[in-house]
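Summary of structural features
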Amino acid sequence: MTHDDSFLREKARAAIKAGTLPARSPDQVWGGPGTGARCAICGDSTTHAEVELEIEFADDGYPGGRSRYVHLRCFSIFELERQNIPGALSPRTRRGAGRKDPLNGGPGRHDGE
C-alpha cells in the first residue's frame, strides 16, 4: 500500500458517507498477518507482510455482514476521521452501552488490571 494520508483520509470519509463503514468505533478488533482481503477503506488487498485488522460492528445493518478488513494504517486514519464527524458514536454511547469496550479497558485487556 503506497497511498498518502490525504488520499486515505478522503477514502475513509467517503466510506463513512456511503455507509460502507459506520461512523463509530468497532465493537471488536482482531489483527494478524494479511490474508489478501480487500481493505474496506483504500480498496487494496492486504499482503502477508502487512498487518490486517478485522473490525466488527454488531447490529450495524451494513451490506456485507458485520466484519470488515482493513490495513492497520487505514484503520488509524478511519479512527481519526470518524472522530471529526459530528454525532459520531462510540460503543459506549449507543444501544448496548453497558458492554465494555476491549480497546478502552474492557475484557481482553492484558496489562494486569
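Higher on the page you've got the structure.
So, a few notes on the structure that sits alongside this text. Predicted model, so just to flag it, every value in this text is computed and none were measured.

Criteria and cut-off values
- Residues numbered from 1 in each chain as written.
- Predicted model: local features only at pLDDT ≥ 70, side-chain atom pairs only at ≥ 80, totals over all residues.
- Heavy atoms only, no water.
- Helix = DSSP H or I, 4+ residues; strand = E, 2+ residues; numbered from the N terminus.
- Expected span 1.5 Å × (residues − 1).
- Buried < 20%, exposed > 50% of the residue type's maximum accessible area, 1.4 Å probe, protein only.
- Contact = heavy atoms within 4.5 Å.
- Polar contact = N/O pair within 3.5 Å; in protein donor to acceptor, adjacent residues only side chain to side chain.
- Salt bridge = Lys/Arg side-chain N within 4 Å of Asp/Glu carboxyl O.

So, helix 2 (residues 72–83)
- Over its 12 residues, helix 2 runs 17 Å from end to end, which matches the ideal 16 Å to within 8%, given 1.5 Å per residue.
- By the burial criterion, the buried members of helix 2 are Cys 74, Phe 75, Ile 77, Phe 78, Glu 79, Glu 81 and Arg 82.
- Contacts made by the buried residues of helix 2 are with helix 1 (5–18), strand 1 (28–33), strand 2 (51–56) and strand 3 (67–71).

A closer look at the side chain of Arg 82
- Along the chain, Arg 82 falls in helix 2.
- What makes Arg 82 buried here is its relative accessible area of 7%.
- Separated by 3.0 Å, the side chains of Arg 82 and Glu 79 make a polar contact.

Quick notes on the environment of Pro 33
- Tracing the backbone through its elements, the reader meets Pro 33 in strand 1.
- For the pair Pro 33 and Ala 49, spaced 16 residues apart in the sequence, the C-alpha separation amounts to 6.5 Å.
- Once you skip the residues sitting within four places of it in the chain, Pro 33 turns out to touch His 48, Glu 50 and Glu 52.

Some thoughts on the pattern of salt bridges
- One pass over the full model with this rule turns up six salt bridges.
- Linking Arg 9 and Glu 81 is a salt bridge whose minimum nitrogen-to-oxygen distance equals 2.9 Å. Of this pair, Arg 9 sits in helix 1 while Glu 81 sits in helix 2, and the two are 72 residues apart along the sequence.
- Classification of Arg 9 by relative accessible area gives partly exposed; the value is 39%.
- Take Glu 81: its relative accessible area is 7%, and that puts it in the buried class.
- Note that Glu 79 is salt-bridged to Arg 82, the shortest N-O span being 3.0 Å. Here Arg 82 and Glu 79 lie together in helix 2, a separation of three residues that amounts to about one turn.

These figures come from the coordinates and say nothing about function on their own.
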